[in-house]
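What follows is the residue order along each chain.
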Amino acid sequence: MSPPRFSLAHVTPYPWESQDNEINAHVARLAGEQSKRGHRVLILAPSRSPERVRESRREVRAAKSRPESLLDGTNSGTPRVVAIGEVLDVARTLEELLGRTPLDFVHVH
């Protein structure tokens with residue numbers, strides 16, 4: 001019998017570009033290991049990149065009809081990073097994404 005596979009999200013309050021941040025470094029290592037073990041893993045983090053935020057918003061909107069699509073390909077050792085914007089946009093984007101995406105666990109750091 002194969003071990004269970006889960007859909008996971010890690011939420012960090014620090015911009016993903018802050019890789020020198022201890023929390024983001026921990027999230028990156030943990031999410032990478034979980035993904036390598038076959039779990040479907042998302043990292044939800046603010047971003048300082050307007051382009052990255054726009055692309056993530058497009059992905060979240062596109063997933064309305066098939067929410068699990070955000071998890072496609074996330075069990076290959078590379079989790080998907082979803083840029084959720086900065087302060088004013090975070091709550092709305094998180095609510096939209098977490099309200100629809102079929103996740104087994106959400107780890108808030």
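This write-up is about the structure you can find in this document. Fair warning: this is a prediction, and the values are worked out from it, not measured in the lab.

1. A few points about the overall build of the protein
Line of reasoning, step 1. Secondary structure summary: the protein contains three helices and four strands in total.
Line of reasoning, step 2. The N-to-C order of helical and strand elements in the protein reads β-α-β-α-β-α-β.
Line of reasoning, step 3. Computed over its C-alpha atoms, the radius of gyration of the protein comes to 13 Å, within 12% of the 13 Å expected for a compact globule of 109 residues.
Line of reasoning, step 4. Scored against the burial criterion, the 109 residues of the protein give a buried share of 44%.
Line of reasoning, step 5. Across the protein, every contact between residues at least 6 apart in sequence was considered, and the portion connecting residues at least 24 apart equals 78%.
Line of reasoning, step 6. Per element, the accessible surface of the protein, about 6,300 Å² overall, is 53% carbon and sulfur.

2. Side note on the nonpolar core
Line of reasoning, step 1. Counting 13 residues, the largest nonpolar core has Leu42, Leu44, Leu70, Val82 and Leu97 as the members making the most contacts within it.
Line of reasoning, step 2. Those elements that place two or more of their residues in this core are strand S1 (7–11), strand S2 (40–45) and helix H3 (87–100).
Line of reasoning, step 3. Non-local contacts of Leu44, meaning those with residues more than four positions away in its chain, are made with Ala9, His10, Val11, Thr12, Val82, Ile84, Leu94, Leu97 and Leu98.
Line of reasoning, step 4. Core analysis: the second largest hydrophobic core is formed by eight residues, Val27, Ala31, Ala45 and Val81 among them.

3. Structural notes on the pattern of salt bridges
Line of reasoning, step 1. The full count for this structure, using the stated rule, is five salt bridges.
Line of reasoning, step 2. With its nearest N and O atoms 3.0 Å apart, the salt bridge here joins Arg58 to Glu55. Of this pair, Arg58 and Glu55 both sit in helix H2 (residues 50–62), three residues apart, which is roughly one turn of that helix.
Line of reasoning, step 3. When its relative accessible area of 42% is taken as the criterion, Arg58 is described as partly exposed.
Line of reasoning, step 4. Between Arg66 and Asp72 there is a salt bridge; the shortest N-O distance is 2.8 Å.
Line of reasoning, step 5. Assessed through its relative accessible area of 36%, Arg66 is described here as partly exposed.
Line of reasoning, step 6. The class of Asp72 is partly exposed, set by a relative accessible area of 35%.

Cut-offs applied
- Residues numbered from 1 in each chain as written.
- Predicted model: local features only at pLDDT ≥ 70, side-chain atom pairs only at ≥ 80, totals over all residues.
- Heavy atoms only, no water.
- Helix = DSSP H or I, 4+ residues; strand = E, 2+ residues; numbered from the N terminus.
- Rg over C-alpha atoms; globule rule 2.2 N^0.38 Å.
- Buried < 20%, exposed > 50% of the residue type's maximum accessible area, 1.4 Å probe, protein only.
- Contact = heavy atoms within 4.5 Å.
- Areas by Shrake-Rupley, 256 points an atom, 1.4 Å probe, with all protein chains shown as cover.
- Core = buried A, V, L, I, M, F, W, Y, C linked by side-chain atoms within 4.5 Å.
- Salt bridge = Lys/Arg side-chain N within 4 Å of Asp/Glu carboxyl O.

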